[in-house]
Amino acid sequence: MDADEAGLSTTASLLAEDDGGVVCAAVRAHMGVLFLLRRRSRSGRANRRRRYRGSVAGRRPNKRRDFAAGLFNIQRDYFGVNAEAPIYDDRDFETRFRVPRSVFRRVYQAVKDEPFFQQRINATGRLQAHPLQKVVAAFRVIAYGEAADRADEYVRLSRSTVAQATKLLLEFIVRRWGPTYLRRPNNLELKKMMERNAERGFPGCMGSLDCTHWEWHQCPTGMAGAYQSRKGSRGVVVEAVCDEDLWIWHLFVGAPGSLNDINVMNQSPLYLDVTAGRWPPRDVPFSINGTTRTLPYYLVDGIYPRYAFLVSPHPMPLTDEAKTFNRLQEAIRKDVERLFGVLTKRFHIALHPGRCRSVKQLIMTYKAVCILHNMCVEARRDTFLSRRRDARGTNGGGSAGGEGEGPAGEAAAAAGGHGAQDGGSGDAGAAAAGGAAPGGGIGNGGGLPAAADAVADPPPALNAVEQPPAGGMVAVFDAWGETRNPAEHEQLRADLTAHVWNDRGELLAPYVV
């Protein structure tokens, strides 16, 4: 009995020791290591690049595309082959590509030396696609908003190649010409813009400001709440400022579609710079109804707040003066409405819902479209009705308009071109508008878009004033109070109403049917 009791006491003492916590901790640590290894294995398989397999049995072979035939078709139709005139003239060219021939040549000459667009030789020693084929395919996607494989039968390129060419071309356009064609006006351009608007009845006006929505087809479900508009469609908001020629001076893209125009304006760079005193410059005074002012303004619709740099129509016009002012203000403010219509009609990639998978790519696409639009305006500016009226009224142009007025600078006009520039990077693609390219065979590269003399004119500064203002934070607070003053807004609108009423016969004549 003593031995049995001794054995029981030993077993009870062993069981009485608190080893359960140690065992549980060891098991938990072991399971944690196993789960960590499992997660690393899964992430490694997900991030591991697919090993190149090459030509193996069972793999789908490449289509036998005749790249030379695709290049020959493009040259024959639009540029001429073997000293023969092209089948389609300049009007047909602009209808198909949505840009003048000079703009297409300029883009082609600038992008053809990029790594992706260069013509390569495959492993069998055969020449691959020519740069012209890739640029033409990308312009077809931008112009018609079509699928990437829609032009396969014509340009002889696969869907992946056309999609990649379109993406890289849009990125190249924004990177190369964004600082030149998407910027604010300098002092000279701002002064001429205000002079033209003064002739239309609004002294001190810097253009029209408004927003539009661009539907996003591939918006992720998790972002639908933020990007869904009041109409139920998902998209982003585009804010723009343009002048009478529909030249885009300000562009802000990417705000969620659930925001209205006021919310978009409150986070746009234009509003932040205006309220901080960095824009616009105050060295261009103007007079309205006997009052001299130094703060220019934009024309907006009735949803915008009553700020000193915004002029909206009278909410409830009761007098003839207010009705006349609203009529003229809405007529001139329609410039930005026409801009959105021209963009969607000219480039159908902005008309159809965006097929991009990220907001960054949506912003890149719309910026490239606006740059191409400004290039088209620069090439065709002299044919606009307003410019012809100014030329007749000033005996051949003068300061009312001309080639040197555009953002490319007066040096471009002195060089004999349409003011085209390439951001000071030595680009040789500023081709002058003209006939078809000279003919020639395919072997010697004849019939391709020819280069022209580049204009050595560096782009103007993005902002014409110092940043921050010379007065420091005191000047910022003063600008904040001045630009957001409702009383100043009401006084400015009252002065403009009196000014328009005094000259109503001459100002409303172009809009009377």
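Residues numbered from 1 in each chain as written. Predicted model: local features only at pLDDT ≥ 70, side-chain atom pairs only at ≥ 80, totals over all residues. Heavy atoms only, no water.

**Student:** Provide a residue-level description of the packing of helix 3 (residues 67-79) against helix 6 (residues 131-144), including the pertinent values.
**Tutor:** At a minimum axis separation of 10 Å, helix 3 and helix 6 run at an interaxial angle of 65°. In terms of orientation, helix 3 and helix 6 fall into the roughly perpendicular class. In this structure, helix 3 meets helix 6 at a crossing whose hand is left-handed. When helix 3 is examined against helix 6, the residues F67, G70, L71, I74, Q75, Y78 and F79 are found in contact with a partner set consisting of L132, Q133, V136 and R140. In terms of residue class, the contact of helix 3 with helix 6 is built from seven nonpolar, three polar and one charged. (Axes fitted to C-alpha atoms, helices over the stretch in contact; angles between N-to-C directions. Helix = DSSP H or I, 4+ residues; strand = E, 2+ residues; numbered from the N terminus. Parallel < 35°, antiparallel > 145°, perpendicular 65-115°, else oblique. Left-handed = near helix turned anticlockwise from the far one by under 90°. Contact = heavy atoms within 4.5 Å. Nonpolar A, V, L, I, M, F, W, Y, C, P; charged D, E, K, R; others polar.)

**Student:** Give me the lowdown on a nonpolar patch on the surface, citing residues and values where you can.
**Tutor:** Judged by side-chain polarity, V23, V27, M31, L34 and F35 come together as a nonpolar surface patch covering roughly 440 Å² of accessible area. Following the sequence through the fold, V27 ends up in helix 2 (residues 20-47). Looking at V27, the relative accessible area reads 47%, which means it is partly exposed. (Patch = residues over 30% accessible without salt bridge, like charges linked within 9 Å, V, L, I, M, F, W, Y side chains within 5 Å. Areas by Shrake-Rupley, 256 points an atom, 1.4 Å probe, with all protein chains shown as cover. Salt bridge = Lys/Arg side-chain N within 4 Å of Asp/Glu carboxyl O. Buried < 20%, exposed > 50% of the residue type's maximum accessible area, 1.4 Å probe, protein only.)

**Student:** Residue-level account of the packing of helix 4 (residues 90-97) against helix 6, with values.
**Tutor:** Packing of helix 4 against helix 6 leaves a shortest axis separation of 8 Å and a crossing angle of 70°. With respect to each other, helix 4 and helix 6 are oriented roughly perpendicular. Mapping the contact onto sequence places T95, R96 and F97 in helix 4 and V136, F139, R140, A143 and Y144 in helix 6. A breakdown of the residues in the contact of helix 4 with helix 6 according to their chemical character gives five nonpolar, one polar and two charged.

**Student:** Describe the packing of aromatic side chains, naming the residues involved and giving the relevant values.
**Tutor:** Applying the stated criterion across every chain, the model contains 20 aromatic pairs. When the ring of Y271 is compared with that of Y307, the centres are 6.1 Å apart and the planes differ by 25°; the resulting orientation is stacked. Taken together, the residues Y271 in helix 12 (residues 269-275) and Y307 in the loop between strand 6 (297-299) and strand 7 (310-311) connect sequence positions 36 residues apart. Each member of the pair Y271 and Y307 is classed as buried. The interplanar angle of 65° and the centroid separation of 6.2 Å between the aromatic rings of F286 and Y297 together place this pair among those described as edge-to-face. Of this pair, F286 sits in strand 4 (residues 286-288) while Y297 sits in strand 6, and the two are eleven residues apart along the sequence. Residue classification places F286 among the buried residues on the basis of a relative accessible area of 8%. A relative accessible area of 0% means that Y297 is categorised as buried. In this structure, K134 is placed above the aromatic ring of F116, and the distance from its NZ or CZ to the ring centre is 4.6 Å. (Phe/Tyr/Trp six-rings, centres within 6.5 Å; stacked < 30°, edge-to-face > 60°. Lys NZ or Arg CZ within 6 Å of the ring centre and 35° of its normal.)

**Student:** How would you sum up the side chain of R333? Please name residues and give values.
**Tutor:** Structurally, R333 is set in helix 13 (residues 320-346). When near neighbours in sequence (up to four residues on either side) are disregarded, R333 contacts S208, L299, V300 and D301.

**Student:** I'd like a rundown of the environment of M316, residues and numbers included.
**Tutor:** Along the polypeptide, M316 turns up in the loop between strand 7 and helix 13. Classification of M316 as exposed rests on a relative accessible area of 71%. Separated by ten residues in sequence, M316 and N326 have C-alpha atoms that sit 9.9 Å apart.

**Student:** Would you mind going over the environment of R183 in detail, with residue names and values included?
**Tutor:** By secondary structure assignment, the location of R183 is in the loop between helix 8 (159-181) and helix 9 (187-199). Between the C-alpha atoms of R183 and W249, which are 66 residues apart in sequence, the distance is 5.8 Å. A distance of 2.9 Å separates a polar atom in the side chain of R183 from a polar atom in the side chain of E189. (Polar contact = N/O pair within 3.5 Å; in protein donor to acceptor, adjacent residues only side chain to side chain.)

**Student:** Hey, could you go over the side chain of Q133 for me, with residue numbers and the actual values?
**Tutor:** For Q133, the position within the fold is in helix 6. Setting aside residues up to four positions removed in sequence, Q133 forms contacts with F67, G70, L71, I74, V155, R156 and L157.

**Student:** So what about the pairing of strand 3 (residues 248-256)? Which residues, and what values?
**Tutor:** Of all nine residues in strand 3, eight are buried; the element is thus mostly enclosed. Pairing of strand 2 (residues 235-242) with strand 3 involves seven bridges; the strand directions are antiparallel. Each bridged residue has a counterpart across the sheet, and for V241 the counterpart in strand 3 is H250. Linking strand 2 to strand 3, which pair antiparallel, is a turn of five residues; within it L246 sits at a positive phi near 65°. (Pairing = 2+ DSSP bridges.)

**Student:** So what about unusual backbone geometry? Which residues, and what values?
**Tutor:** The omega torsion across W279 and P280 is -5°, close enough to zero to call that bond cis. Relative to the elements of secondary structure, P280 occurs in the loop between helix 12 and strand 4. The backbone of R98 shows a phi angle near 70°, a positive value even though the residue is not glycine. Of note, R98 is situated in the loop between helix 4 and helix 5 (101-111). Positive phi outside glycine occurs at L246, with the angle close to 65°. With respect to the secondary-structure elements, L246 resides in the loop between strand 2 and strand 3.

**Student:** Describe the environment of V141, naming the residues involved and giving the relevant values.
**Tutor:** Position of V141 among the secondary structure elements: in helix 6. Each C-alpha atom, one on V141 and one on A151, is 8.6 Å from the other, the two residues being ten residues apart in sequence. In this structure V141 touches E146, A147, A148, V162, T166 and I349, once residues within four positions along its chain are discounted.

**Student:** Provide a residue-level description of helix 3, including the pertinent values.
**Tutor:** The terminal C-alpha atoms of helix 3 lie 17 Å apart, and with 13 residues this matches the ideal 18 Å at 1.5 Å per residue to within 8%. All of the buried residues along helix 3 are G70, L71, N73, I74, Q75, D77, Y78 and F79. Tucked inside the fold, the buried residues of helix 3 contact helix 4, helix 5, helix 6 and helix 7 (152-155). Positive phi shows up at G80, right after helix 3, with a value of about 90°. (Expected span 1.5 Å × (residues − 1).)

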